[in-house]
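Residue strings, one per chain:
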Amino acid sequence: MRTLLVDADPQGSVGLSLTRQSRKLNGFYDVIADHDVPFDQLIVPTRMPTLSLVPAGQSSDYELGSGIGDSIHRVKTFFNMAATDGYEVCIIDTAAGLFGVTADVLAVCDSVIVPQQAEPLGVRSIPKMLEALTRMRVVNPRLNVLGVVMTMVQNHLAESLEAVQALRNLLPQNMVMKNVIPREDIFLKASAKGLPAGVMEEGVSVLAVFDGLRSEIEAKFSPYIR
Ligand SMILES: Nc1ncnc2c1ncn2[C@@H]1O[C@H](COP(=O)(O)OP(=O)(O)OP(=O)(O)O)[C@@H](O)[C@H]1O
Ligand SMILES: [Mg+2]
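Residues numbered from 1 in each chain as written. Chains lettered and ligands numbered in written order. Predicted model: local features only at pLDDT ≥ 70, side-chain atom pairs only at ≥ 80, totals over all residues. Heavy atoms only, no water.

Novice: Looking at this model, I keep getting lost on the nonpolar core. Mind explaining?
Specialist: Side chains of nonpolar character tend, in soluble globular proteins, to be buried together. Leu4, Phe28, Phe78, Leu130 and Met150 are the most contacted members of the largest nonpolar core, which totals 44 residues. For this core, the secondary-structure elements that each account for two or more residues are strand E1 (3–8), helix H2 (28–32), helix H3 (72–84), helix H4 (100–106), strand E5 (111–117), helix H6 (126–135), strand E6 (144–151) and helix H7 (158–170). Aside from chain neighbours lying at most four places away, what touches Phe28 is Val6, Asp7, Ala8, Val54, Pro55, Ala56, Val75, Phe78, Val101 and Val105. Membership of the second largest hydrophobic core comes to seven residues, among which are Val149, Met177, Ile181 and Val209. (Core = buried A, V, L, I, M, F, W, Y, C linked by side-chain atoms within 4.5 Å. Buried < 20%, exposed > 50% of the residue type's maximum accessible area, 1.4 Å probe, protein only. Helix = DSSP H or I, 4+ residues; strand = E, 2+ residues; numbered from the N terminus. Contact = heavy atoms within 4.5 Å.)

Following this line, the structure appears as structure tokens:
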């Protein structure tokens, strides 16, 4: 599927880790700030013909001044432009929290995945987060909460595995992905190099993890794909 990976986090991690010069590029927040940027100027191609990036953009400090619900129609405009350009899937990395532009993205998108580090304090906030996401369905009845994916799991640390288990005990079974992302040096090395972990020589092991996650997510999508 033609896929667009969109950096909607003002800190710009997707752009910073995958394209070096991303601060100078136009991007998502330039559309949100209502600048008249042609859509093709937002697109950064990758080595994969089906995957392109949209960096956060030059207006990414825009987030600071915005109120809830200010930019829903601009987010819609962005999605419409992507669809018109032939993109079938938009994966949007948002800032943490459920306010500002993140809330506006949730008000318009189809599905949401919540990544959560496997540590005891963070895990405790997840039920409230899922309740808040469920409340978002008042504004966006289509919103499909796909569930939580545990990251930074340390298999040799009892506390880390207990945090995963604690979340599985707290939530309905289908709300925590079976595949978890382990804590591995490869991610730090990949981000230092500005490369996706999967294309690194040592990346083979994490490829299998993400492939498992991909098929799990695909199965959750299948009722929605026609
Ligand atoms: N599974 C992992 N194993 C080891 N290091 C990791 C892992 N995931 C992320 N990291 C490291 O942590 C850094 C931040 O990770 P990431 O950008 O995914 O965090 P985030 O949850 O998106 O944070 P934020 O909430 O600030 O957006 C990465 O650049 C990488 O160095
Ligand atoms: Mg992030």
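Novice: How do you make sense of the environment of Val75 when you look at a structure like this?
Specialist: Mapping Val75 onto the fold places it in helix H3. Given the relative accessible area of 0%, Val75 is considered buried. Counting along the chain gives 34 residues from Val75 to Cys109, while the straight-line C-alpha distance between them is 9.1 Å. In this structure, Val75 is in contact with Phe28, Ile32, Asp104, Val105 and Val108, ignoring residues within four places of it in sequence.

Novice: How should I be thinking about the sheet that holds strand E4 (residues 89–94) in this particular structure?
Specialist: Strand pairs in the sheet, formed through backbone hydrogen bonds, run parallel or antiparallel to each other. One open sheet holds the four strands; their spatial order is E2-E3-E1-E4, and the pairing between them is mixed. With one partner strand each, in any of the chains shown, strand E2 (44–45) and E4 form the two edges of the open sheet. Relative to strand E3 (residues 51–54), E2 is paired through two bridges, and the arrangement is antiparallel. Within E3, the residue paired with Val44 across the bridge is Leu53. Across the sheet, H3 touches E1, E3 and E4, and the angle it forms with E4 is around 145°. (Pairing = 2+ DSSP bridges. Axes fitted to C-alpha atoms, helices over the stretch in contact; angles between N-to-C directions.)

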